[in-house]
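Structure at a glance
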Amino acid sequence: MKRVGFIINSRVPGVASLRTGMPPLALVSGWDDAASPMGLMRFRWIADALRAANSGWRYELYRPWRSYDAVVFLKSMGPACLALARRLKGEGTRVLFEANVDYYTRFEGEARLDAMAPGASQRRDAVEITELADAVIGSSRRLTEVCRSFNSAATWVPDNVNLRLRPAAAEAQPIRDGRLQVWWSGTAAKLFEFLAAEEAFLALADRIHLQLVTDDIETAAKRWPVEVRERFGRFLGRVPHALHRYRDIPHLFGLYATGGVIVSPRFLDVPYNLSHTEWKITLGMACGLPAIASPVPSYVDAAERSEPDAVSLCETFADWISAFDGFLSDSSRLREGGRAAFEAVRQHYETGVVAERHAAWIGETCARSN
């Protein structure tokens, strides 16, 4: 049995961490980040899939007292992580860094959200642990290429979707009262991304109904520049919408299963978005929602892996209008697009498929000579 330890969001269990809020039990059981969907998806789901498949791999939270074949630093960096990584390497344990955000590319423009423009210390920490690692996993193809500039042993392992969490049955009504149901989910701080296709959504306002699964918009909007906050307020006042409080993935799947399309408009002038993963659209695609989105590189990957109408990529106003028109005017196209969307997830992004790829890369890393 090969054993792999995971450190998530820089939560390094140890005596020193007791002063920073770590529960004492974490010294024995490992320090989880239960509030992190990223940790759930890129650790817990994969660990469960490998265990169920009797794969010969055991993934678990890192325990300081246990020996491992490899330790994965999942979005984990900084002084404590670097110190542990160096010690582990000195003991012969393979160290992997798993990156899911482009902390590497300097951005000189004006960010609409501070979190989308990594600071100098974040870049320094990311570069250090990437260079130190025996191998790197990038969560998008483009991010993997960025990582490869600092460590040639880098591979792409996409975000995965746990299809077992889909509802057993649901009656889909993608068009209700003459309006196409348009789904979007994410932290409210990123809702301003709708402004990347603002004119198209305003033009479609009498034919669509936005379904936003998110958190507190009012609080999140305070993080935006004043002009962005005012512009989005006017946008939301003109486009019919409903708000749903995000609870968890099963609840989200239950909402998506009621039918419609999944959308992800994004500004493409920041490295953060260019290296983003497919997850925002593949979660909806898993529930039979065709995706309509900006041409983020990972969305391009998803489109290339899919049959027609599963993913519609839109750069211009005309692209957005055409994509929506196609589904509004032809219910069979909407149905076939949803079928193709689900099939793409089942073949390429399902947890078991991705778990095999993840374990294969760690196996290759462990087998390489120093």
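Look up a bit, the structure's there.
Not measured: the values here are computed from a predicted model. (Residues numbered from 1 in each chain as written. Predicted model: local features only at pLDDT ≥ 70, side-chain atom pairs only at ≥ 80, totals over all residues. Heavy atoms only, no water.)

Our focus in this paragraph is the overall build of the protein. Scanning the protein from terminus to terminus reveals 15 helices and 13 strands. Taking 370 residues into account, the globule formula puts the C-alpha radius of gyration at 21 Å, and the protein, at 21 Å, falls close to it. Across its three principal axes, the protein shows a C-alpha extent of roughly 65 × 45 × 35 Å. Residues classed as buried in the protein amount to 54% of the 370 residues present. A sequence separation of at least 24 residues applies to 75% of the contacts in the protein between residues at least 6 apart. Element-wise, carbon and sulfur atoms account for 49% of the exposed surface of the protein, whose accessible area totals about 15,800 Å². Of the charged side chains in the protein, 45 are positive and 44 negative, and the gap between their average positions amounts to 6 Å. (Helix = DSSP H or I, 4+ residues; strand = E, 2+ residues; numbered from the N terminus. Rg over C-alpha atoms; globule rule 2.2 N^0.38 Å. Buried < 20%, exposed > 50% of the residue type's maximum accessible area, 1.4 Å probe, protein only. Contact = heavy atoms within 4.5 Å. Areas by Shrake-Rupley, 256 points an atom, 1.4 Å probe, with all protein chains shown as cover. Lys, Arg positive; Asp, Glu negative; His and termini not counted. Charge placed at Lys NZ, Arg CZ, Asp CG, Glu CD.)

This part covers the nonpolar core. Judged by nonpolar contacts, the single largest core of 70 residues is most densely connected at F73, F194, F201 and F324. In contact with F73, not counting residues within four places along its chain, are I7, C81, L84, A85, L88, V95, L96, F97, E98 and I129. In terms of nonpolar packing, the next biggest core, distinct from the first, is built from 32 residues, W45, V161, Y299 and A310 among them. (Core = buried A, V, L, I, M, F, W, Y, C linked by side-chain atoms within 4.5 Å.)

Right, let's get into the pairing of strand β4 (residues 94-99). When you tally the buried positions in β4, you get six out of six residues, the bulk of the element. The two faces of β4 match: R94, L96 and E98 on one face and V95, F97 and A99 on the other face are all buried. Sheet topology places strand β3 (residues 70-74) next to β4; five bridges connect them, and they run parallel. Its bridge partner lying in β4, A70 is registered against R94. Note that the unit made of β3, helix α3 (residues 79-90) and β4 has a crossover that is right-handed. Where β4 lies against strand β5 (residues 135-138), four bridges are found, and the strand directions are parallel. Residue pairing for β5: F97 is matched across the bridge by V136. Regarding the hand of the β-α-β motif, the stretch spanning β4, helix α4 (residues 120-132) and β5 is right-handed. (Pairing = 2+ DSSP bridges. Right-handed = clockwise from strand over helix to strand, strands pointing away.)

Pairing is possible between side chains of opposite charge, provided their charged atoms come close. Under the counting rule described, the total for this entry stands at 26 salt bridges. In this structure, K89 and D134 form a salt bridge, with 3.6 Å as the shortest nitrogen-oxygen distance. Here K89, found in helix α3, pairs with D134, found in the loop between α4 and β5; they are 45 residues apart in sequence, far enough to count as distant. Since its relative accessible area comes to 32%, K89 is described here as partly exposed. Here E198 and R231 are joined by a salt bridge, their closest N and O atoms 2.6 Å apart. Residue E198 is located in helix α6 (residues 198-203), and its partner R231 is located in helix α8 (residues 226-238); the two are separated by 33 residues in the primary sequence. (Salt bridge = Lys/Arg side-chain N within 4 Å of Asp/Glu carboxyl O.)

The six strands are arranged β2-β1-β3-β4-β5-β6 in an open sheet whose pairing can be described as parallel. Taken across any chain shown, the strands that pair with only one partner, and hence form the sheet edges, are β2 (57-61) and β6 (154-156). Between one strand axis and the next, the sheet turns by 25° as a mean value, whatever way the strands run. (Axes fitted to C-alpha atoms, helices over the stretch in contact; angles between N-to-C directions.)

Where helix α2 (residues 37-52) meets helix α15 (residues 351-367), the closest approach of the two axes is 9 Å, and the angle between their N-to-C directions is 90°. Considering their axes alone, α2 and α15 lie roughly perpendicular with respect to each other. In this structure, α2 contributes W45, I46, A49 and L50 to the contact, and α15 contributes T351, G352, V354, A355, H358 and A359. Of the residues belonging to the contact of α2 with α15, the class tally is seven nonpolar, three polar and no charged. (Parallel < 35°, antiparallel > 145°, perpendicular 65-115°, else oblique. Nonpolar A, V, L, I, M, F, W, Y, C, P; charged D, E, K, R; others polar.)

The next thing to look at is the pairing of strand β11 (residues 261-264). Residues of β11 alternate between two faces, with V261 and V263 on one and I262 and S264 on the opposite face, all of them buried. Note: strand β8 (residues 179-185) against β11, two bridges, orientation parallel. Looking across to β11, one finds that W183 is bridged to I262. As defined by bridge partners, β11 adjoins strand β12 (residues 291-293) across three bridges and the pair is classed as parallel. Bridging across to β12, I262 finds its partner in A291.

A cluster of nonpolar side chains, contributed by L25, V28 and W65, occupies part of the molecular surface with about 350 Å² of accessible area. Note that L25 resides in the loop between β1 (2-8) and α1 (26-29). (Patch = residues over 30% accessible without salt bridge, like charges linked within 9 Å, V, L, I, M, F, W, Y side chains within 5 Å.)

With that out of the way, let us pick up the packing of aromatic side chains. According to the stated counting rule, one finds 16 aromatic pairs in the structure shown. Measuring from ring centre to ring centre gives 5.0 Å for F6 and F43, while their planes differ by 40°; the resulting arrangement is tilted. Of this pair, F6 sits in strand β1 while F43 sits in helix α2; the two residues are 37 residues apart in sequence, bridging distant segments of the chain. For F6, a relative accessible area of 1% translates into the label buried. Each residue in the set W184, F192, F194, F201, W224, F232, F235, F267, W320 and F324 is aromatic and connected to the rest through ring pairs, giving one cluster. Residue placement shows R112 over the ring face of F267; its charged tip is 3.7 Å from the ring centre. The side chain of R368 reaches across the aromatic face of W361, ending 5.6 Å from its centre. (Phe/Tyr/Trp six-rings, centres within 6.5 Å; stacked < 30°, edge-to-face > 60°. Lys NZ or Arg CZ within 6 Å of the ring centre and 35° of its normal.)

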